[in-house]
Amino acid sequence: MKTTYYSASMELSIPSELGYEVIARDAVAAFALRMGFTHERVEDLKTALSEACINAIEHGNMLAPNLRVNVACMCDNDRLLVEIHDQGLKHHTPAQMPLSMADKLAGLGSMRGMGLLLIGQLMDEAGFDPNSPDGNRFHLTLYRQHTVEHVPSQRTE
Amino acid sequence: MSNNKSETKPLEKIIELRLPSRLGYERVAMDTASSLARRMGFQGDRVDALKTAVSEAVTNAIEHGNQHDAAMKVVVLLTVRDDELIVSVADQGRQLLDQNNVTRTPHIEDILDKSDKGGWGIWLIRELVDEVEFTTAPTGGNQVRMVIHLER
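The structure presented is a predicted model; accordingly, all values stated were derived computationally and were not measured. (Residues numbered from 1 in each chain as written. Chains lettered and ligands numbered in written order. Predicted model: local features only at pLDDT ≥ 70, side-chain atom pairs only at ≥ 80, totals over all residues. Heavy atoms only, no water.)

Draft legend 1. Geometry of unusual backbone geometry. Residues and elements named next belong to chain A. The phi torsion at Met 62 lies on the positive side, around 50°, for a residue other than glycine. Positive phi is not limited to glycine here, since Leu 63 has a value of about 60°. Note on placement: Leu 63 falls in the loop between α2 (39-60) and β2 (68-75). (Helix = DSSP H or I, 4+ residues; strand = E, 2+ residues; numbered from the N terminus.)

As structure tokens, then:
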């Protein structure tokens, strides 16, 4: 198995209570800025991290008081990896046929549940670790060489 | 239904931050403490004072306590209570703080004469927060406990 060496890392642990995701957001933003990521990318990371922490608090830890959410940040020359780890009272099970954001906005389903879709749009990579033995582990990755994936098509008439 | 336990014990929430001993990471601690203090309702000047105190304490832990060894951690514990914020900064104690230095007020003439202009940190922390305590942690490292009170 390939092991990746990360030149810098920090860890953060917050109470599993709505509102504390804001403190995690600001701590991780300070780390990412220090690692040289642009303000624009850090703003995306702040939104994605807040969503991921809220998921961990609400769903993974099921709003149980006295549980914790742990956030680990690792950075090397290529990427910034942030892992959000809850204590997993409820394990994430992916939806069989997830609706797209457009379908939801068109009223075809609940307006909730857009967090993961939003995170997917903002980050270069994001997802749950399927083999986590203890609680849900969700990771967010930002690459330094950001690949532009969503170039709007230019129509000439 | 009343719960006697929660009535006697102050309600507190703890945020833990573990940083490598590398200069620059004090900014992460500063921004985290500032974010928390602002949300607790501290005024801007008190938040600025806390940021400076946290920066000094973490810089001391990196430079002196852990001797710049990046593998050694600086642990910052932020404890939120209804009426106060406690920030505790602990290092792994490669070099222990001389207790004779924690209460001394430096003389500017003495410091200007030295090539190293450092030595203001502990005095500065004392001036900036409401309570401060320098101790040796049970695990052997240096520990600084700083408290600011919320005045409503």
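Draft legend 2. Just the packing of α2(A) against helix α4 (residues 115-122) of chain A, in detail. Residues and elements named next belong to chain A. Viewed as axis vectors pointing N to C, α2 and α4 meet at an angle of 155°, and their least axial separation amounts to 9 Å. Put simply, α2 runs roughly antiparallel to α4. Pair α2 / α4 crosses with left-handed handedness. Counted together, Arg 41, Asp 44, Thr 47, Ala 48, Glu 51, Ala 52 and Asn 55 of α2 and Gly 115, Leu 116, Leu 118, Ile 119 and Leu 122 of α4 form the full contact between these two elements. (Axes fitted to C-alpha atoms, helices over the stretch in contact; angles between N-to-C directions. Parallel < 35°, antiparallel > 145°, perpendicular 65-115°, else oblique. Left-handed = near helix turned anticlockwise from the far one by under 90°. Contact = heavy atoms within 4.5 Å.)

Draft legend 3. Here's a closer look at the pattern of salt bridges. In this structure the tally under the stated criterion is 13 salt bridges over all chains. A salt bridge links A:Arg137 to A:Asp134; the shortest N-O distance between them is 3.4 Å. Ionic pairing is found between B:Arg46 and B:Asp130, a salt bridge with its closest N-O pair at 3.1 Å. Separated by 84 residues along the polypeptide, B:Arg46 in helix α3 (residues 44-65) and B:Asp130 in the loop between α5 (121-128) and β4 (131-136) bring together distant segments of the chain. Linked by salt bridges that have partners in common, A:Glu11, B:Glu16 and B:Arg18 make up one network. (Salt bridge = Lys/Arg side-chain N within 4 Å of Asp/Glu carboxyl O.)

Draft legend 4. Highlighting the side chain of B:Thr59. Residue and element names in this part refer to chain B. Following the sequence through the fold, Thr 59 ends up in helix α3. At 2.6 Å, the side chain of Thr 59 and the backbone oxygen of Ser 55 are in polar contact. Those residues in contact with Thr 59 that lie beyond four places of it in its chain are Leu 23, Glu 26 and His 64. (Polar contact = N/O pair within 3.5 Å; in protein donor to acceptor, adjacent residues only side chain to side chain.)

Draft legend 5. Region of interest: α4(A). All names here are of chain A. Among all positions in α4, only Gly 115, Ile 119 and Leu 122 are buried. Buried positions in α4, seen along its axis, are confined to an arc of 65° and lie on one side of it. Packing partners of the buried residues in α4 comprise α2, β4 (125-128) and β5 (137-143). (Buried < 20%, exposed > 50% of the residue type's maximum accessible area, 1.4 Å probe, protein only. Arc of directions from axis to C-beta.)

Draft legend 6. Structural detail: the nonpolar core. Grouped together as the largest cluster of nonpolar side chains are 70 residues, with contacts concentrated most on A:Phe31, A:Val82, A:Ile84, A:Leu140, B:Val76, B:Leu85 and B:Met146. In this view, B:Leu85 contacts B:Ala33, B:Leu36, B:Ala37, B:Met40, B:Phe42, B:Leu50, B:Thr79, B:Val80, B:Met146, B:Val147 and B:Ile148; residues no more than four positions away in its chain are not counted. (Core = buried A, V, L, I, M, F, W, Y, C linked by side-chain atoms within 4.5 Å.)

Draft legend 7. Quick look at the pairing of strand β1 (residues 12-20) of chain B. Here strand β1 (residues 8-15) of chain A runs beside β1(B); their pairing, made up of 3 bridges, is antiparallel. The residue of β1(B) that forms the bridge with A:Ser13 is B:Glu16. Where β1(B) meets strand β2 (residues 73-81) of chain B, 9 bridges bridge the pair, whose relative direction is antiparallel. Residue pairing across strands places B:Lys13 opposite B:Val80, the latter belonging to β2(B). (Pairing = 2+ DSSP bridges.)

Draft legend 8. Looking closely at the pairing of strand β3 (residues 79-85) of chain A. Residue and element names in this part refer to chain A. For β3, the tally of buried residues reaches 6 of 7 residues, placing the bulk of the element in the interior. When β2 meets β3, the two strands line up antiparallel, connected through 6 bridges. Across the sheet, the residue bridging to Cys 75 is Leu 80, located in β3. Here β2 folds back onto β3, and the loop between the two strands holds 3 residues. Across 7 bridges, the pairing between β3 and β5 is antiparallel. When the sheet's bridge partners are listed, His 85 is paired in β5 with Arg 137.

Draft legend 9. Inspection of the packing of aromatic side chains at higher detail. Considering all chains together, one arrives at 2 aromatic pairs over all chains under this definition. Here A:Phe31 and B:Tyr25 contribute two aromatic rings whose centre-to-centre distance is 6.1 Å and whose plane-to-plane angle is 40°, an arrangement assigned as tilted. Here the residue A:Phe31 occupies a position in helix α1 (residues 21-34), and B:Tyr25 occupies one in the loop between β1 and α2 (26-40), the pair thus bridging two chains. Residue classification places A:Phe31 among the buried residues on the basis of a relative accessible area of 0%. Here A:Arg34 stacks its cationic end above the ring of B:Tyr25, 4.6 Å away from the centre of that ring. (Phe/Tyr/Trp six-rings, centres within 6.5 Å; stacked < 30°, edge-to-face > 60°. Lys NZ or Arg CZ within 6 Å of the ring centre and 35° of its normal.)

The values are spatial; any link to function lies outside them.
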